[in-house]
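Spelled out, the chains give:
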2 protein chains.
Amino acid sequence: MQKKRIKLTIAYDGTNYCGWQVQPNGITVEEVINKALCKLTGEDIAVIGASRTDSGVHALGNVAVFDSATSIPPERIAMALNQRLPDDIVIVKSEEVAPDFHPRYCDCEKTYEYHIINTRMPIPTKRLTNYFVSYDLDVERMQQAADYLVGEHDFVSFCNVRTQVEDTVRTVTELEVLREGEEITIRISGNGFLYNMVRIIVGTLVRVGRGFYTPEKVKEILEAKDRKAAGVTAPAHGLMLVEIRYPKK
Amino acid sequence: MQKKRIKLTIAYDGTNYCGWQVQPNGITVEEVINKALCKLTGEDIAVIGASRTDSGVHALGNVAVFDSATSIPPERIAMALNQRLPDDIVIVKSEEVAPDFHPRYCDCEKTYEYHIINTRMPIPTKRLTNYFVSYDLDVERMQQAADYLVGEHDFVSFCNVRTQVEDTVRTVTELEVLREGEEITIRISGNGFLYNMVRIIVGTLVRVGRGFYTPEKVKEILEAKDRKAAGVTAPAHGLMLVEIRYPKK
């Protein structure tokens, strides 16, 4: 039977997983989805994921594809899979895509949100999805700093070295710092992100918000092209991969 | 040494606890706080709690008191206790109160919030703090229904029988149904609540929101004085005890 390529849009609470990608030392989101897919289809399936989120990072819309000869209609695979998945992983949507669609090697735009809870004392129900910062944060100054990062830049100062990346130029299309009461959301979109780039940007913006850095300092950090110039990497659990948008064909 | 009465304001994520009150079959919030207090002070302390929240219910501001001869200044007990408590329980504030202050037998007003996530598919990171309702909910109709419940009424139709309660008349001072995007918050304040009263009110308002009940039906349910007339008890995990306000002395 002819195989179809199926695209999954996936939401998860990353708290109980060692990130997305299959690895020997712990349960990962990818592994749990692979096992559920094998049970559902009877085929030996390993998905290809769009974004290898780190341990503790959450998602509303990560993307993965796989090829299958299953007779289940593509749009019904989501519901069938959800019955075989734990509560902290949800397939939001399943659909057939072109056989050459690849979730990583194509022109897409990703949006992340980073959530900060800015209160005197931590809020227990938010502890696994928000970075708790008890110091006053000046959101206006954070936005001024953020504005320097929008556009095409070499973001090597905002990248933790994991493997050798040749090209560290990326385009940030949107970077907003929004306060609603005690909650601060940093929303960032772009055509790709270096390893830990969002979390280092957040760690740096928090230093601006506390008054340790001027907003202009962020421009200097960018120009320094040196990871040591930037702030610390903000914790993983505040980060949420919101959406990956692919060009319409 | 003279004992002081100390009031604690307590926030917790109720997910991992069998409710507030000490019981033989599982770990409770009260028990964890008692153990931390005994370690901190060296005294044999059992707190008196204001509200015995059910298993899975969360709190931003539950209240408990205890008497102690500790030399730790009252306002510093919070921080000292937090170092001995797990991340899902936080003492927000500690303060000395009058020796005759009792958190239950006095004139106070409580505020609860009930959180609903109204999306087509569940959101994993919200699954432990929000009730997931995939059907469209008409918030305006829910508010119309809610308005019938404000004021002094016999709420016996909105009470699950646990023990014999003689007086089932209570006063609801505020009942608001607010939508912000996909999130619906039902905020209710009053001078006391019967067993499961907030969750039965929510279960009933959801039936109104789905169109199964007219808003006027809620008036009939109130007048029926019969638990069977009302809707189902909404799940515990959507409920948050926000605040308990005591009269200033």
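As recorded by an unreviewed UniProt entry, chain A carries the name tRNA pseudouridine synthase A and is attributed to Faecalimonas umbilicata. What UniProt states about chain A under its Catalytic activity (unreviewed entry) heading is, verbatim, "uridine(38/39/40) in tRNA = pseudouridine(38/39/40) in tRNA". Checking UniProt for chain A, the heading Sequence similarities (unreviewed entry) contains the comment "Belongs to the tRNA pseudouridine synthase TruA family."

Participant: How should the relation of the copies chain A and chain B be read in this particular structure?
Facilitator: The two chain copies are related to each other by a rotation about an axis together with a translation along it. Placing chain A over chain B gives an RMSD of 0.0 Å and needs a rotation angle of 180°, together with 0.0 Å of translation along the axis. As the rotation angle and translation indicate, the two copies are arranged about a two-fold axis. Across chain A, the smallest distance between a C-alpha and the rotation axis is recorded for A:K126, namely 4.9 Å. Looking at chain A, 100% of its interface residues are interface residues in chain B too, so the copies touch through the same face.

Participant: What am I meant to see in the packing of aromatic side chains here?
Facilitator: Aromatic ring pairs are defined here through the distance separating the ring centres and the angle between the ring planes. Residues and elements named next belong to chain B. Per the counting criterion, the structure on display carries 10 aromatic pairs over all chains. Relative to Y246, the ring of F101 has its centre 4.9 Å away and its plane inclined at 70°; by these criteria the two rings are edge-to-face. Here Y246 lies in the segment after strand 10 (239-245) and F101 lies in the loop between strand 4 (89-97) and strand 5 (109-117), a separation of 145 residues in the sequence. Its end group placed over the ring of Y213, K217 keeps NZ or CZ at 5.3 Å from the ring centre.

Participant: It is not clear to me how the UniProt feature "domain: Pseudouridine synthase I TruA alpha/beta" (unreviewed entry) in chain A should be interpreted in this structure. Could you clarify?
Facilitator: With numbering matched to this structure, UniProt assigns "domain: Pseudouridine synthase I TruA alpha/beta" (unreviewed entry) to residues 10-105 and 145-247 of chain A. Secondary structure across residues 10-105 of chain A divides into 20% helix and 26% strand, with the first and last C-alpha atoms of the span separated by 19 Å.

Participant: Which parts of the structure should I look at to understand the packing of helix 3 (residues 139-147) of chain B against helix 4 (residues 197-210) of chain B?
Facilitator: To characterise two packed helices, one gives the angle between the axes of the helices and the distance between these axes. Residue and element names in this part refer to chain B. Orientation of helix 3 relative to helix 4, taken along the N-to-C sense of each, is 135°, at an axis distance of 8 Å. Judged on the interaxial angle alone, helix 4 and helix 3 are oblique. Viewed along their axes, helix 3 and helix 4 form a crossing whose handedness is right-handed. Between helix 3 and helix 4, the contacting residues are R141, M142, A145 and A146 on the first element and L205, V206, V208 and G209 on the second.

Participant: Even after reading the chapter, I still don't get the domain arrangement of chain A, so can you show me in this structure?
Facilitator: Note: interface size is frequently given as the accessible area lost on complex formation between the parts. Residues and elements named next belong to chain A. Under the domain assignment, chain A is made up of domain 1 (4-97) and domain 2 (109-245). One C-alpha centre belongs to domain 1, the other to domain 2, and the line joining them spans 27 Å. Every contact between the two is made by 14 residues of domain 1 and, on the other side, 15 residues of domain 2. There are 1 salt bridge connecting domain 1 and domain 2. The shortest N-O distance in the salt bridge between R199 and D54 comes to 3.2 Å. Considering only residue class, the side of domain 1 that touches domain 2 consists of 5 nonpolar, 8 polar and 1 charged.

Participant: How do you make sense of the UniProt feature "binding site: substrate" (unreviewed entry) in chain A when you look at a structure like this?
Facilitator: All names here are of chain A. The feature "binding site: substrate" (unreviewed entry), as annotated in UniProt, sits at Y112 in this numbering. You can see Y112 is positioned in strand 5 (residues 109-117). For Y112, a relative accessible area of 9% puts it in the buried group. What Y112 contacts, discounting residues up to four positions off in sequence, is S51, I186, R187, I188, F193, V198, L239, M240, L241 and V242. A polar atom in the side chain of Y112 sits 3.3 Å from the side chain of S51.

Participant: Help me understand the side chain of B:N196, please; the structure alone is not making it clear to me.
Facilitator: Residue position: B:N196 is located in the loop between strand 9 (183-190) and helix 4. Those residues in contact with B:N196 that lie beyond four places of it in its chain are B:D54, B:F158, B:N160 and B:T233.

Participant: Before we go on, may I ask you to explain the interface of chain A and chain B in this structure?
Facilitator: Counting from both sides, the interface comprises 21 residues of chain A and, opposite them, 21 residues of chain B. At the boundary of chain A with chain B, total buried surface from both sides reaches about 1,600 Å², with 72% on carbon and sulfur atoms. Summed over the three residues of chain A that lose the most area to chain B, namely A:M121, A:P124 and A:T125, the buried surface amounts to 36% of that side. The interface formed by chain A and chain B includes 2 salt bridges. Note that A:R127 and B:D13 form a salt bridge whose closest N and O atoms lie 2.9 Å from each other. Inspection of the chain A/chain B interface yields 2 residue pairs in polar contact (both at pLDDT 80 or more). Every element with two or more residues in the side of chain A that touches chain B is listed here: strand 1 (4-12), strand 3 (58-68) and strand 4 (89-97) of chain A. When residues of the side of chain A that touches chain B are assigned to their parent elements, the largest contribution, 3 residues, is made by strand 4 of chain A. For the side of chain A that touches chain B, a count of residues per class yields 11 nonpolar, 5 polar and 5 charged.

Criteria and cut-off values
- Residues numbered from 1 in each chain as written.
- Chains lettered and ligands numbered in written order.
- Predicted model: local features only at pLDDT ≥ 70, side-chain atom pairs only at ≥ 80, totals over all residues.
- Heavy atoms only, no water.
- UniProt positions renumbered as here; feature names shortened; annotations may be inferred.
- Least-squares fit on C-alpha atoms with pLDDT ≥ 70 in both.
- Contact = heavy atoms within 4.5 Å.
- Phe/Tyr/Trp six-rings, centres within 6.5 Å; stacked < 30°, edge-to-face > 60°.
- Helix = DSSP H or I, 4+ residues; strand = E, 2+ residues; numbered from the N terminus.
- Lys NZ or Arg CZ within 6 Å of the ring centre and 35° of its normal.
- Axes fitted to C-alpha atoms, helices over the stretch in contact; angles between N-to-C directions.
- Parallel < 35°, antiparallel > 145°, perpendicular 65-115°, else oblique.
- Left-handed = near helix turned anticlockwise from the far one by under 90°.
- Domains from an automatic or database assignment.
- Salt bridge = Lys/Arg side-chain N within 4 Å of Asp/Glu carboxyl O.
- Nonpolar A, V, L, I, M, F, W, Y, C, P; charged D, E, K, R; others polar.
- Buried < 20%, exposed > 50% of the residue type's maximum accessible area, 1.4 Å probe, protein only.
- Polar contact = N/O pair within 3.5 Å; in protein donor to acceptor, adjacent residues only side chain to side chain.
- Buried area = accessible area lost by both parts, 1.4 Å probe.

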